[in-house]
Amino acid sequence: MDETKKRLLAQSESDKLGKILDHSPIEILIFKHATQKLIHHNSSVLTKLGYSNEEISRKGFSELISNIPDHIKTKFQNILLGNKETQILNCECNLIRKNGQSYTVALQMQFHLDSDIPSIICIAQDISEYKKTEIELKKQKEISSITLESIHDAIITTDASGKIEYLNARAEKITGWKSESARHRLIEEIVQLIDAESGKKRNSIIQLCLTGKSFPADDEVVLLLSKTGDKLAVQETSVPQYDNQGKLIGAMLILKDRSDYYQLSERLNYFVTHDELTGLINRKAFENEIVQDYDLIEMLRSASEKVHTQKLLLVGHSQGNFYANSFYDVVTKQAGGIPEESIGVYSV
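Residue numbering note: each chain is counted from 1, following its sequence as written. In keeping with the predicted nature of the model, local features appear solely for residues at pLDDT of at least 70, side-chain atom pairs appear and are counted solely at 80 or more, and the whole-chain, interface and lining totals rest on all residues. Water and hydrogen atoms were dropped before computing side-chain values, which therefore reflect all heavy atoms in the structure.

J.: Can you walk me through the overall build of the chain in this structure?
T.: By the criteria applied, helices consist of DSSP H or I runs no shorter than four residues and strands consist of E runs no shorter than two, each listed in order from the N terminus. Across its full length, the chain holds 14 helices and 15 strands. Think of it in three bands: with a 1.4 Å probe and only protein chains considered, a residue is buried below 20% of the maximum accessible area for its type, exposed above 50%, and partly exposed in between. Burial status across the chain gives 34% buried among its 348 residues. All accessible areas in this document rest on Shrake-Rupley with a 1.4 Å probe, and a residue is counted as covered only by the protein chains that are shown. For the chain, the accessible area works out to roughly 22,100 Å², and carbon and sulfur atoms hold 53% of it.

Okay, structure coming up:
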């Protein structure tokens, strides 16, 4: 193939590439290195910026592109001065329309300084809608954060593995943990609960919620043990959290302060189980306490088996007579109780 045919073939391929680039939705601008004036552009540039061919042909780099980050500007100048460490720069900046308005683009600058016509090729992708969405999401996150911080209830969120992601101010106060310190720790390390009746430790419902089930608030009150050892009566609510594809990504735990309810319940229980005048426990409460004290009953039964010639003597005086007789009735009359001959009551 002779040189003429080679040049014609190369020109044909160049023309095809030019047509493809000319109809590309991405803005392509080529600036001359020496003057930084625009020497070529595709049709998308005219459409997006609002210029005619004649108007835009007189524009320079800085008239069409703005808000380039300072560190990119420095590298840009170094390249123009001959630094060949890199020939491609990427950044976010603005393209300026004819009416003065601008929009955000992801810009790639390619430097071809050793070609026949030293030039800077700029390829710009409109990301203005993406940036708007990003800003809106940021605003929503800030609003959500302010809302969560202002809620009186404690809010705790975890990832799908049960590791802490966030504690609001109330949660920080009642757990004794700062959100930053608690982050990435397991929920059971931060939220330690005690059964209000049995006094035994129990798991939070959020651990079950991480299986995908919701647990609305009920009347059950548990005790939260803080990092400092303080206890607070709380009520739990937990809901799972999913992404747009329906995948479980974590859960939220809401702890409502029920100390007022718990204190009222304890106070009512006191009045039910104590004599109003003396403040001493009444017979019903006394019997319940005795029935539940299996260790004491076993101790007395053991003593009765070993001591055959002596009796356990209960001595009561005044109000104590009532308790001594009640004790005797309970421990001797229940099934498997203390033999009557092993215990006696003496009133003074």
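After that view of the structure, there is still more to cover.
J.: Even after reading the chapter, I still don't get the pattern of salt bridges, so can you show me in this structure?
T.: Two side chains with opposite charge may pair up if their charged atoms get near one another. The salt bridge definition used is simple: a Lys or Arg side-chain nitrogen within 4 Å of an Asp or Glu carboxyl oxygen. Overall, the coordinates contain 13 salt bridges when judged by the stated rule. We note a salt bridge from glutamate 189 to arginine 185, for which the minimum N-O separation is 2.6 Å. Classification of arginine 185 as partly exposed rests on a relative accessible area of 32%. It is possible to trace a salt-bridge network through shared partners that takes in Glu27, Lys48 and Asp126.

J.: Help me understand the side chain of serine 119, please; the structure alone is not making it clear to me.
T.: Within the fold, serine 119 resides in strand 6 (residues 119-126). The class of serine 119 is buried, set by a relative accessible area of 7%.

J.: What is the right way to look at the environment of leucine 193 in this model?
T.: Turning to its location among the elements, leucine 193 is positioned in strand 9 (residues 192-195). Leucine 193 gets classed as buried once you look at its relative accessible area, which sits at 1%. Look past the residues within four positions of leucine 193 in its chain and what remains in contact with it is Lys200, Lys201, Arg202, Asn203, Ser204, Val222, Leu223, Leu224, Val234 and Glu236. The contact criterion used is simple: two residues touch if any of their non-hydrogen atoms lie within 4.5 Å.

J.: Looking at this structure, how should I read the nonpolar core?
T.: When a protein is soluble and globular, its nonpolar side chains tend to lie buried together. For this analysis, a nonpolar core means a set of buried residues of the types Ala, Val, Leu, Ile, Met, Phe, Trp, Tyr and Cys, connected via side-chain atoms within 4.5 Å. Leu64, Ile65, Leu107, Met109 and Cys122 are the most contacted members of the largest nonpolar core, which has 28 residues in total. Here this core gets five residues from one element, more than from any other, and that element is strand 5 (residues 102-112). With 23 residues, the next largest nonpolar core counts Leu167, Trp177, Ala182 and Leu193 among its residues.

J.: Any chance you could explain the sheet that holds strand 5 here in plain terms?
T.: Note on pairing: two strands pair once DSSP finds at least 2 bridges between them. Taken together, the six strands give an open sheet; going across it, the order is 2-1-6-5-4-3, and neighbouring strands pair in antiparallel fashion. On the outer flanks of this sheet lie strand 2 (38-41) and strand 3 (65-66), each paired with one strand and no other. Bridging between strand 1 (residues 27-32) and strand 2 involves three bridges; their strand directions are antiparallel. Its bridge partner being in strand 2, phenylalanine 31 is matched across the sheet by leucine 38. Relative to strand 4 (residues 88-96), helix 5 (residues 70-80) is tilted by about 115°, and along the sheet it contacts strand 4, strand 5 and strand 6. Orientation is described by lines fitted to C-alpha atoms, with helices fitted over the stretch in contact, and by angles between N-to-C directions that extend from 0 to 180 degrees.

J.: Can you help me understand the sheet that holds strand 8 (residues 164-167) in this one?
T.: Consider a sheet: its strands pair through backbone hydrogen bonds, and that pairing is either parallel or antiparallel. Reading across from one edge, 8-7-13-12-11-9-10 is the order of the seven strands in this open sheet, with antiparallel pairing throughout. With one partner strand each, in any of the chains shown, strand 8 and strand 10 (201-202) form the two edges of the open sheet. One ladder, built from nine bridges, connects strand 12 (residues 231-242) with strand 13 (residues 248-257); its direction is antiparallel. Residue pairing in the sheet places tyrosine 242 in a bridge with leucine 248 of strand 13.

J.: Help me understand the state of the cysteines, please; the structure alone is not making it clear to me.
T.: Disulfides are covalent bonds that connect the sulfur atoms of two cysteines. In what follows, a disulfide is any cysteine sulfur pair within 2.5 Å. For the coordinates displayed, the defined rule picks out zero disulfides. Of the cysteine sulfurs around cysteine 122, a residue in no disulfide, the closest is that of cysteine 93, at 8.1 Å.

J.: Help me understand the packing of aromatic side chains, please; the structure alone is not making it clear to me.
T.: Here a pair means two rings of Phe, Tyr or Trp (six-membered ring of Trp) with centres within 6.5 Å. Their orientation is stacked below 30 degrees between planes, edge-to-face above 60, and tilted elsewhere. One pass over the structure, following the stated rule, counts three aromatic pairs. A ring pair is formed by phenylalanine 31 and phenylalanine 61, whose centres lie 5.1 Å apart and whose planes are at 65°; its orientation type is edge-to-face. Pair noted here: phenylalanine 31 is in strand 1 and phenylalanine 61 is in helix 4 (residues 61-64), with a separation of 30 residues, a long-range link. A residue is classified by how much of its surface remains accessible, and phenylalanine 31, at 0% relative accessible area, is buried. A relative accessible area of 7% places phenylalanine 61 in the buried class. Measuring from centroid to centroid gives 5.1 Å for phenylalanine 61 and phenylalanine 76, while their planes differ by 35°, and the two rings are tilted. Of the two residues, phenylalanine 61 sits in helix 4 while phenylalanine 76 sits in helix 5, which places them 15 residues apart along the sequence. Each member of the pair phenylalanine 61 and phenylalanine 76 is classed as buried. Put simply, the rings of Phe31, Phe61, Phe76 and Phe111 touch in pairs and so form one group of aromatic residues.

J.: Would you mind going over the pairing of strand 5 with me for this structure?
T.: Pairing of strand 4 with strand 5 involves nine bridges; the strand directions are antiparallel. Bridged to cysteine 91 within strand 5 is leucine 107. Hairpin remark: strand 4 followed by strand 5, antiparallel, with five residues in the connecting loop; positive phi at glycine 100, about 95°. As judged from the eight bridges shared by strand 5 and strand 6, these two strands associate in the antiparallel manner. Bridge pairing in strand 6 links alanine 106 to glutamine 125. Where strand 5 folds back onto strand 6 in an antiparallel hairpin, the turn is made up of six residues.

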